[in-house]
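Given next are the chains, with one letter for each unit.
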Amino acid sequence: MVSKKKKKYSTGEGAQFITRKAALKKLQLSLKDFRRICILKGIYPREPRNRKRAQKGAGGIKTLYHTKDIKFLLHEPIIWKLRELKAYQQKIRKARAQREYRKMRQYFRDYPEINIDHVVKERYPTFVDALRDLDDCLTLCFLFSTFPSLKKVPRDQSLLCRRLTVEFMHAVIAAKALRKVFVSVKGYYYQCELEGQIITWIVPHHFAFQPQSKDEVDFKIMSTFVEFYIMMLGFVNFKLFHSLNLVYPPKLTAAFNSETEKDLVDERAYVAERIAAMNLSLAKIAGSNEAEELPEIDIFDTEDKDPQKLEEAKLEAEKVKKLKTMFKGLKFFINREVPRESLVFIIRCFGGEVSWDRDHFVGATFDESDESIAYQIVDRPSMDKQYLSRYYVQPQWVFDSVNARSLLPINKYLMGATLPPHLSPFVDKTRDQVYMPPEQKALNDPNFKPLNDDDPSDEEIEEASDEDNEAKSEPEDAEEALTRQYQQEVEQDSPSEDEEDDEKKKLAKEKKKAMAVTTGVPHKENPYQIQIEDKQAFRLREKLVRKKHRNLYKSMKAGQENRKKEIWLLRKKRRLHDERVKEDKKAEKRTQKKQALEAALNIK
């Protein structure tokens, strides 16, 4: 009996992948609905190993999906809801065309809503899984919270993003979970630690919204992502608040009394604004105790038995414990020109109290005239009225103190002072090739001194050497140079009798040394020769790399070379910058000297 011939592309990559066109036909969905359901379910296009086989011999480049993912979507309840929505939209269009507005209002009232609670539970079975994937969720929600009402972005969505992000910041404040901060051109980078998971997100600067053209940004797709992230962040906030014994949705404590300003605005709106101010602690669940502190690290016998790692973990835990109460007992006052929200969030995370001008924003707890204020944060060169009982510092002092995990000296951050470089704390310590600026090295090692240290003594020496060079540059007389050269040649050609005796004595000493026993001299290896031999041995070892690992090895080496090039470019930029600063200082000194001389001459 002849066996049945297998059909081409029925197995292997040809059967594993399906094109987007075939997926739309199988699911009976429009491209718009297909994109939406793929975003909600977390299904993305795949890259095959052999594109020609995956596309069943077709040429070109097509969007491919896993066949099992598309089959998985066949049983999704959201698809039936999308079909139901499509039917309702047709009914609404028909009622509008026939001017049956009563029916149209009824259809709008009974319009079905898509519920994606089950999707969040499917994608994130545990709370830790949701925390691991929270970076993009927070970044996009913080971005959308700054948007006005747009055509493709509903107003309710941006308002809900604002509410959820404020709730999350309150949870971070209550847990004292913030670890790192950094200010860049893109915005504020934050990093916190919740349930042992590191979460990093970006908050954009509060600038006026600039409309983007459709070619640059597709707000519809971003809005679909936010639709899922809102549901996810709501679940995360609920779990966080209950783990911290806080009431959800958040409420202010019973001690808060708004009778003085209740007549100005609606009570509900006023409480929402006070919560957004992040200046007051939230109400706790009745009968709950304060959150217990983390116990000390237990000592266990590890497999590698490395006590150094255990000591490092202990030191890190102690530093984090001190960091949590860094601003405890300190009062801060923020001037109106300083970005309020970011500084309030950071100061409250580390136990400090903060306030601002009452006319600037609601939620001020004390006035500028309060004598117990320790620091006033300003961003202007000078102030007319100053208090002697407090320090006037620039906002960067708060960010740098958090990254240094201690209160830095305020000398470099005083009002009107030129600030030091703001260093990023997001440095990967596991990578061996990382550029580290001199300021970072000085922070890590107090004894570190940069090579190009700008000392006034060095500049004086350079100026003096310039003057000496100018003096030496004058040409000597040609006759004197010729006579000196002639005398030297004569002295070399005429050996004296004393020199002959010295040569005889040397020969006798050499004969005696040849007869004597001398101690062994260690052989000195040439370091340059060793380096050449090591390179040759390394090239031989490279040839022994297997063929299947050779491409991976080449990509690793290319990555190392690229990182070396980046580090070299950064060092070159820094060197040129330092040279330019040095030249500017020299030019400034020269102008000052010139002005002083002119003033002295004018007096005479």
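Residues numbered from 1 in each chain as written. Predicted model: local features only at pLDDT ≥ 70, side-chain atom pairs only at ≥ 80, totals over all residues. Heavy atoms only, no water.

Describing the overall build of the chain
Turning to step 1, where the next piece is worked out: Looking only at helices and strands, one finds 22 helices and 9 strands in the chain.
Turning to step 2, where the next piece is worked out: Counting all 604 residues of the chain, 30% fall into the buried class.
Turning to step 3, where the next piece is worked out: Pairs at least 24 apart in sequence give 61% of the contacts found in the chain among residues at least 6 apart.
Turning to step 4, where the next piece is worked out: Of the roughly 43500 Å² of accessible surface on the chain, 52% is carried by carbon and sulfur atoms. (Helix = DSSP H or I, 4+ residues; strand = E, 2+ residues; numbered from the N terminus. Buried < 20%, exposed > 50% of the residue type's maximum accessible area, 1.4 Å probe, protein only. Contact = heavy atoms within 4.5 Å. Areas by Shrake-Rupley, 256 points an atom, 1.4 Å probe, with all protein chains shown as cover.)

Focus: the pairing of strand 5 (residues 197-204)
Turning to step 1, where the next piece is worked out: In this sheet, strand 5 lies alongside strand 4 (residues 187-194) in antiparallel orientation, the contact comprising 8 bridges. In the strand pairing of strand 5, E193 is matched with I198.
Turning to step 2, where the next piece is worked out: Two successive antiparallel strands, strand 4 and strand 5, enclose a turn made up of 2 residues, where E195 displays a positive phi of approximately 55°. (Pairing = 2+ DSSP bridges.)

What to know about the confidence of the model for the chain
Turning to step 1, where the next piece is worked out: When pLDDT is averaged across the chain, the result is 82; 83% of the residues are at 70 or more.
Turning to step 2, where the next piece is worked out: Overall, residues 258-265 carries pLDDT values under 50, and its contacts beyond four positions in sequence, including any with other chains, amount to 5 contacts.
Turning to step 3, where the next piece is worked out: Low pLDDT, under 50, characterises residues 454-476; the predicted model gives this stretch 8 contacts beyond four residues in sequence or across chains. (pLDDT = per-residue confidence, 0-100.)

Looking at a positive patch on the surface
Turning to step 1, where the next piece is worked out: Together, K505, K506, K509, K512 and K513 make up a region of like positive charge exposed at the surface.
Turning to step 2, where the next piece is worked out: Considering the arrangement of structural elements, one finds K506 in helix 20 (residues 497-515).
Turning to step 3, where the next piece is worked out: For K506, a relative accessible area of 56% translates into the label exposed. (Patch = residues over 30% accessible without salt bridge, like charges linked within 9 Å, V, L, I, M, F, W, Y side chains within 5 Å. Salt bridge = Lys/Arg side-chain N within 4 Å of Asp/Glu carboxyl O. Lys, Arg positive; Asp, Glu negative; His and termini not counted. Charge placed at Lys NZ, Arg CZ, Asp CG, Glu CD.)

A short note on helix 6 (residues 77-97)
Turning to step 1, where the next piece is worked out: Here helix 6 spans 31 Å end to end across 21 residues, near enough to the 30 Å set by a 1.5 Å rise per residue.
Turning to step 2, where the next piece is worked out: Buried residues along helix 6 sit against helix 2 (20-27), helix 3 (31-41), helix 5 (67-73), helix 7 (101-109) and helix 8 (117-123).
Turning to step 3, where the next piece is worked out: Just downstream of helix 6, R99 is the residue with a positive phi angle, here 60°. (Expected span 1.5 Å × (residues − 1).)

Points about the packing of aromatic side chains
Turning to step 1, where the next piece is worked out: All told, the structure shown has 24 aromatic pairs when counted by the stated rule.
Turning to step 2, where the next piece is worked out: Ring centres of F144 and F147 lie 4.9 Å apart, and the angle between their planes is 45°; on these two criteria the pair is classed as tilted. Each member of the pair, F144 together with F147, is buried.
Turning to step 3, where the next piece is worked out: The interplanar angle of 50° and the centroid separation of 6.3 Å between the aromatic rings of F182 and Y189 together place this pair among those described as tilted. For the pair F182 and Y189, one class covers both residues: buried.
Turning to step 4, where the next piece is worked out: Across from the ring centre of F361, 4.0 Å away, lies the NZ or CZ of R340, which sits over that ring. (Phe/Tyr/Trp six-rings, centres within 6.5 Å; stacked < 30°, edge-to-face > 60°. Lys NZ or Arg CZ within 6 Å of the ring centre and 35° of its normal.)

As for the sheet that holds strand 3 (residues 178-183)
Hydrogen bonds between backbone atoms are what pair the strands of a sheet, whose relative direction is either parallel or antiparallel.
Turning to step 1, where the next piece is worked out: Taken in spatial order, the 3 strands of this open sheet run 3-4-5, and their pairing is antiparallel. In this open sheet, the two edge strands, each paired with only one partner strand, are strand 3 and strand 5. Each adjacent strand pair in this sheet contributes to an overall mean axis angle of 15°, direction not counted.
Turning to step 2, where the next piece is worked out: Of the strand pairs in this sheet, strand 3 and strand 4 are connected by 5 bridges, and their pairing is antiparallel. Looking at strand 4, one finds that F182 is bridged to Y189. (Axes fitted to C-alpha atoms, helices over the stretch in contact; angles between N-to-C directions.)

Topic: the nonpolar core
Turning to step 1, where the next piece is worked out: Core analysis: the largest hydrophobic core is formed by 99 residues, its most contacted members being L134, F168, W201, F327, F345 and W397.
Turning to step 2, where the next piece is worked out: Every residue in contact with F168, bar those within four places of it in the chain, is listed here: L134, L138, C192, L194, W201, L233, N237 and L240. (Core = buried A, V, L, I, M, F, W, Y, C linked by side-chain atoms within 4.5 Å.)

Side note on the packing of helix 11 (residues 155-175) against helix 12 (residues 219-243)
Turning to step 1, where the next piece is worked out: Look at helix 11 against helix 12: their axes get within 10 Å of each other, and the N-to-C directions meet at 30°. Overall, the two elements helix 11 and helix 12 adopt an arrangement that is roughly parallel. Regarding helix 11 and helix 12, the two cross each other, and that crossing is left-handed. Where helix 11 approaches helix 12, its residues Q157, L160, C161, L164, T165, E167, F168, H170 and A171 are matched on the opposing element by S223, V226, E227, I230, L233, G234, N237, L240 and F241.
Turning to step 2, where the next piece is worked out: By residue class, the composition of the contact of helix 11 with helix 12 is 10 nonpolar, 6 polar and 2 charged. (Parallel < 35°, antiparallel > 145°, perpendicular 65-115°, else oblique. Left-handed = near helix turned anticlockwise from the far one by under 90°. Nonpolar A, V, L, I, M, F, W, Y, C, P; charged D, E, K, R; others polar.)

Notes on the pattern of salt bridges
Turning to step 1, where the next piece is worked out: Tallying each qualifying case throughout the model produces 18 salt bridges.
Turning to step 2, where the next piece is worked out: In this structure, E122 engages K41 in a salt bridge whose closest nitrogen and oxygen atoms are separated by 2.5 Å. Of this pair, E122 sits in helix 8 while K41 sits in helix 3, and the two are 81 residues apart along the sequence.
Turning to step 3, where the next piece is worked out: Using a relative accessible area of 8% as the deciding quantity, one classes K41 as buried.
Turning to step 4, where the next piece is worked out: Shared partners join several salt bridges into a network, and the residues in it are K41, E76 and E122.

What to know about the sheet that holds strand 6 (residues 331-334)
Turning to step 1, where the next piece is worked out: The 4 strands lie next to each other as 7-6-8-9, forming an open sheet whose pairing is parallel. Two strands bound the open sheet, and with one partner strand each, they are strand 7 (353-356) and strand 9 (391-393). Averaged over all neighbouring strand pairs, the angle between strand axes comes to 25°, with direction disregarded.
Turning to step 2, where the next piece is worked out: Here 3 bridges tie strand 6 to strand 8 (residues 375-377), and the two strands are oriented parallel to one another. Across the sheet, I334 pairs through a bridge with I377, a residue of strand 8.
Turning to step 3, where the next piece is worked out: Set on the sheet, helix 15 (residues 340-349) makes contact with strand 6, strand 7 and strand 8; between it and strand 7 the angle comes to about 160°.

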